[in-house]
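Understanding the architecture of this molecule
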Amino acid sequence: EGVDLQIVLEKLNTSCAICSEPPYAAVWLSPRNAEVDSRNIEELQKIQATSRMYRGSITGNFKHDRLPSPMELILKPGAQVMFSKNDQDRRWINGSIGRVVKLGDDCIVVEMVKTGKLVDVGRVKWPDYQYAWNAYTNEIERREIGNYTQFPLILGWAITIHKSQGRTIEKVHLDLGSGAFETGQTYVALSRCRSLDGLTLSRALTATDILVDEESKVFYQDLR
C-alpha cells in the first residue's frame, strides 16, 4: 500500500545481506527476461559437461502463452534447476531448488538442495480444460481439451519476477537493476521468500523501487 515505506525499506536494507553475487542455491530474481536468460545461459556454459535436450509435447488444444517448462529443455549434470510443478508424492513443490545428478532418457536424477535427497524426476502433464454449463444437470462441467508434457524443471539460477509468482523459494537474491517497471513487482519478488534470512539484495532498495497501484491503495483505505 506504500504505508510506512521508509521504515520498511530501512528494515529490509539492514536485515538482508547486500552482495553482488547470489549465495549458494539462491535464485536470482530480476524484472527483465533478457537479464535472466543471459544469466542462466552463462551459468550453464560454465559447466564442463555434455548437455542434453529434452523436447516437450502438446496434445490437443493447450492455450498458454508461457509454457510451465521449456519446449526445449537443455540441461547438464550439475545444473541448478527449479521445479515448475508440485509433486503428487510431495517430494518437492513448485519453486523447490535442486541440482541435476544424472540425465536419463525418461528419468532425471536431481539432488534436492534443502535435504540432500536424490529424487527421480519423470515427465508430467499439465492439462488444459474447457468449462461449459450442463443444462441437464444444472452444473458446470470441466472437460480436458489438451495437455503439455515435459519434465517439471527449468534452469534455476535465475528467473523473472513475473514467472516467480505462485512459487515459494527458500533463498532469493533480488536484483532490480535499474528498477521495477510494474506496480507490485517488488512486493511479488520479496514475498517469494519464506523469511528475511533467505533474502539477499544486489543493492539497497529505495522508495523509487516500490510502485504502488493507486486504485488498490484507495480500495484498502476505504476498507479501513
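Now for a look at the structure at hand.

Criteria and thresholds
Residues numbered from 1 in each chain as written. Predicted model: local features only at pLDDT ≥ 70, side-chain atom pairs only at ≥ 80, totals over all residues. Heavy atoms only, no water. Phe/Tyr/Trp six-rings, centres within 6.5 Å; stacked < 30°, edge-to-face > 60°. Helix = DSSP H or I, 4+ residues; strand = E, 2+ residues; numbered from the N terminus. Buried < 20%, exposed > 50% of the residue type's maximum accessible area, 1.4 Å probe, protein only. Lys NZ or Arg CZ within 6 Å of the ring centre and 35° of its normal. Pairing = 2+ DSSP bridges. Axes fitted to C-alpha atoms, helices over the stretch in contact; angles between N-to-C directions. Lys, Arg positive; Asp, Glu negative; His and termini not counted. Salt bridge = Lys/Arg side-chain N within 4 Å of Asp/Glu carboxyl O. Polar contact = N/O pair within 3.5 Å; in protein donor to acceptor, adjacent residues only side chain to side chain. Contact = heavy atoms within 4.5 Å.

Scanning all chains against the criterion turns up 4 aromatic pairs. Seen from their ring centres, Y54 and F151 are 4.9 Å apart, and the 70 degrees between their planes marks the pair as edge-to-face. Of this pair, Y54 sits in strand β3 (residues 52-55) while F151 sits in the loop between β11 (139-150) and β12 (153-155), placing them 97 residues apart in sequence. The pair formed by Y54 and F151 is uniform in burial state, with each residue classed as buried. Within the aromatic cluster, the residues linked to one another by ring pairs are F62, W126 and Y148. The lysine or arginine in question, R39, covers the ring of W28, its NZ or CZ lying 5.3 Å from the ring centre. Here the basic side chain of R142 rests over the ring of Y129, its NZ or CZ set 3.9 Å away from the ring centre.

Let us now look at the sheet that holds strand β10 (residues 124-134). The strand order across the open sheet built from 3 strands is β4-β11-β10, with neighbouring strands paired in antiparallel fashion. Two strands bound the open sheet, and with one partner strand each, they are β4 (57-60) and β10. Here the strands of the sheet are splayed against their neighbours by 25 degrees on average, with no regard to which way each runs. Here β4 pairs with β11 via 4 bridges, running antiparallel. Looking at the pairing, G60 lines up with G146 of β11.

This part covers the side chain of D175. Locating D175 in the fold gives a position in the loop between β14 (172-174) and α4 (185-190). Buried and without a salt bridge, D175 has R203 as its closest oppositely charged side chain, separated by 5.7 Å. A distance of 3.5 Å separates polar atoms of two side chains, one belonging to D175 and the other to W28. Polar contacts involving the side chain of D175 include one to the side chain of S202, which spans 3.0 Å. If we ignore the near neighbours within four places in the chain, the residues touching D175 are W28, L29, S30, P31 and S202.

Read these as layout, nothing more, since geometry by itself doesn't imply function.
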